[in-house]
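Coordinate analysis (summary)
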Amino acid sequence: MPANVEIKAHYDEERLNKSVDFLGAVVEEMNQTDTFFNSKNGRLKLREEISNGFIQNYLIGYHRTNATGPTRSDFTKTEINEPEKLKEILGNTLGIRGVVKKTRKLYLVSGMEESDGAGLVSRVHIDTVEGLGLFLELEVLMQHEAQEVGASKFARYLMDKLRISDEDLVSEAYIDILFTQNES
């Protein structure tokens with residue numbers, strides 16, 4: 001099962017503007033709608049994504065402990081051709097937990113020796129989440145288990161470069177934050 005080490009943090013325009021030189025150019029900008037389904041084991045979502053005029057749809061199942069700081073996430077992802085039909089089937093059998101809509105800017109940052117991230121690549125997402133605001137996510141991609149320690153160190157290095165403190169970190173998925181917010 002593929003895996004990465006990730007963090008999620010509250011972010012703001014001021015830090016983003018100061019980090020632009022480090023991040024470089026936006027690789028891709030996309031609009032995503034994630035429909036989450038009730039699941040007893042991990043999280044399950046249907047992602048509908050529009051990027052550069054192309055529509056892509058994925059069913060994504062993942063397991064990640066709700067913890068702040070670099071955390072391992074194991075996931076499985078497959079492309080879907082009929083998202084509305086799948087949404088209907090899964091909604092009728094599992095139930096829909098909720099929907100997260102966001103605009104995502106994607107940057108790619110390669111690891112360097114001084115970051116203990118040599119050979120690693122991180123996806124950096126700047127997400128504007130409907131109803132929640134601006135967030136930054138890091139996903140350090142791992143090719144094999146032995147990279148987990150280096151991936152965690154690389155994530156910490158990126159947190160420092162992007163001016164993210166431990167107080168900025170968020171342990172929950174966007175759907176969990178929205179769910180908690182709506183209960184209040």
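For the structure itself, look to the data block above.
In short, a report on the structure.

What counts, and where the lines are drawn
- Throughout, a residue's number is its position along its own chain's written sequence, starting from 1.
- Under the rules for a predicted model, residues below a pLDDT of 70 receive no local features and side-chain atom pairs below 80 are neither given nor counted, while totals for whole chains, interfaces and linings still include all residues.
- Computation of side-chain values: all heavy atoms of the structure, hydrogens and water removed.
- Secondary structure elements are taken from DSSP: a helix is a run of H or I of four residues or more, a strand is a run of E of two residues or more, and numbering for both begins at the N terminus.
- Note on exposure labels: buried denotes an accessible area under 20% of the residue type's maximum, exposed denotes more than 50%, and partly exposed covers the range between, all computed with a 1.4 Å probe on protein chains only.
- For the accessible areas, the method is Shrake-Rupley and the probe is 1.4 Å, while residue cover comes only from the protein chains on display.
- Here, residues are in contact when the closest pair of their heavy atoms is within 4.5 Å.

The next point concerns the overall build of the protein. Tallying secondary structure elements over the protein gives four helices and eight strands in all. Tracing the protein from N to C terminus, the helices and strands come up as β-α-β-β-β-β-α-β-β-β-α-α. Overall, the protein is about 50 × 35 × 35 Å in size when its C-alpha atoms are taken along their principal axes. Across the 184 residues in the protein, those meeting the buried criterion constitute 48%. In the structure as shown, the protein presents an accessible area of about 9,700 Å², 48% of it carried by carbon and sulfur atoms.

Glancing now at the side chain of Lys45. Position of Lys45 relative to the elements: it lies in strand β3 (residues 43-51). Setting aside residues up to four positions removed in sequence, Lys45 forms contacts with Asp34, Thr35, Phe36, Phe37, Tyr58, Leu59, Ile60 and Tyr62.

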